[in-house]
Amino acid sequence: MPESTAPMSAIGFDFGLKQIGVAYGQTLTNTAKGLSIVKAQDGIPQWPSIGLLLDRWKPSLVLVGLPLNMDGSESELSTRARKFARRLDCLLYTSPSPR
């Protein structure tokens, strides 16, 4: 008998220095859609906007895209995206709402 898996949802962030794209997807219908663009200033996002998105959509998984150079190597933007991901992780685990 196949093992049943509960539906999952995910929010993905496409990190940029001036704006951060946000998309939502879920496994129930295997669909995804763009949600919004969060403004950023020199890579610093509007954290309250991100918190509101997380609270509204309550994803079971959060992803941050890793921008790479054409040859697959990491760049300064890769380092900034990793830093954003770490801060996002802290936001998720220090938020008063349960996840």
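Look above for the structure.
The model shown is predicted, which means the values in this text are computed figures rather than measured ones.

Peer 1: An account of the pattern of salt bridges is needed here, citing residue identities and associated values.
Peer 2: Tallied over the entire structure, the rule returns two salt bridges. With a closest N to O distance of 3.8 Å, D42 and R80 form a salt bridge. Taken together, the residues D42 in the loop between β3 (31-41) and β4 (44-45) and R80 in helix α2 (residues 76-94) connect sequence positions 38 residues apart. The exposure class assigned to R80 is partly exposed, which follows from its relative accessible area of 22%. Two residues, E74 and R82, come together in a salt bridge whose shortest N-O distance is 2.5 Å.

Peer 1: Please set out the nonpolar core residue by residue, giving values where relevant.
Peer 2: F13, I20, I50, L54 and F84 are the most contacted members of the largest nonpolar core, which has 15 residues in total. Considering each element in turn, this core owes the most residues, four residues, to α2. Not counting residues up to four positions away in its chain, the partners in contact with F13 are I20, G21, V22, I50, L54, V62, L63, V64, G65, F84 and L88.

Peer 1: Residues and numbers for the side chain of S9, please.
Peer 2: Within the secondary structure, S9 is located in strand β1 (residues 9-14). Given a relative accessible area of 11%, S9 falls into the buried group. Non-local contacts of S9, meaning those with residues more than four positions away in its chain, are made with Y24, G25, Q26, K58, P59, S60 and L61.

Peer 1: Before we move on, could you go through the sheet that holds β3 and cite the residues and values that matter?
Peer 2: Strand order in the open sheet made by the five strands is β4-β3-β2-β1-β5, with mixed pairing throughout. Lying at the two open borders of the sheet, with one neighbouring strand each, are β4 and β5 (61-64). By the bridge criterion, eight bridges tie strand β2 (residues 19-26) to β3 in an arrangement that is antiparallel. Looking at β3, one finds that Q26 is bridged to T31. This element, helix α1 (residues 47-57), spans β1, β2, β3, β4 and β5 of the sheet and lies at about 160 degrees to β3. Those strands touched by α2 are β1, β2, β4 and β5, and its axis lies near 160 degrees from that of β5.

Peer 1: Describe α2, with residues and values.
Peer 2: With 19 residues, α2 extends 27 Å from end C-alpha to end C-alpha; this agrees with the ideal 27 Å at 1.5 Å per step. S78, A81, F84, L88 and L92 are the residues of α2 that are buried. Along α2, the residues classed as buried sweep out an arc of 115 degrees about the axis, all on the same side. Projecting away from the buried face of α2 at angles above 90 degrees are the exposed residues E76, R86, Y93 and T94. Between a side-chain oxygen at the N-terminus of α2 and the backbone nitrogen of L77 the separation is 3.3 Å; the capping residue is S75.

Peer 1: Tell me what's going on with unusual backbone geometry, and back it up with residues and numbers.
Peer 2: One non-glycine residue, N30, lies in positive phi territory at about 55 degrees. If you trace the backbone, N30 turns up in the loop between β2 and β3. On the basis of relative accessibility, which here comes to 65%, the residue N30 falls in the exposed class. In this structure, D42 takes a positive phi of about 55 degrees despite not being glycine.

Reading guide: rules and limits
- Residues numbered from 1 in each chain as written.
- Predicted model: local features only at pLDDT ≥ 70, side-chain atom pairs only at ≥ 80, totals over all residues.
- Heavy atoms only, no water.
- Salt bridge = Lys/Arg side-chain N within 4 Å of Asp/Glu carboxyl O.
- Helix = DSSP H or I, 4+ residues; strand = E, 2+ residues; numbered from the N terminus.
- Buried < 20%, exposed > 50% of the residue type's maximum accessible area, 1.4 Å probe, protein only.
- Core = buried A, V, L, I, M, F, W, Y, C linked by side-chain atoms within 4.5 Å.
- Contact = heavy atoms within 4.5 Å.
- Pairing = 2+ DSSP bridges.
- Axes fitted to C-alpha atoms, helices over the stretch in contact; angles between N-to-C directions.
- Expected span 1.5 Å × (residues − 1).
- Arc of directions from axis to C-beta.
- Polar contact = N/O pair within 3.5 Å; in protein donor to acceptor, adjacent residues only side chain to side chain.

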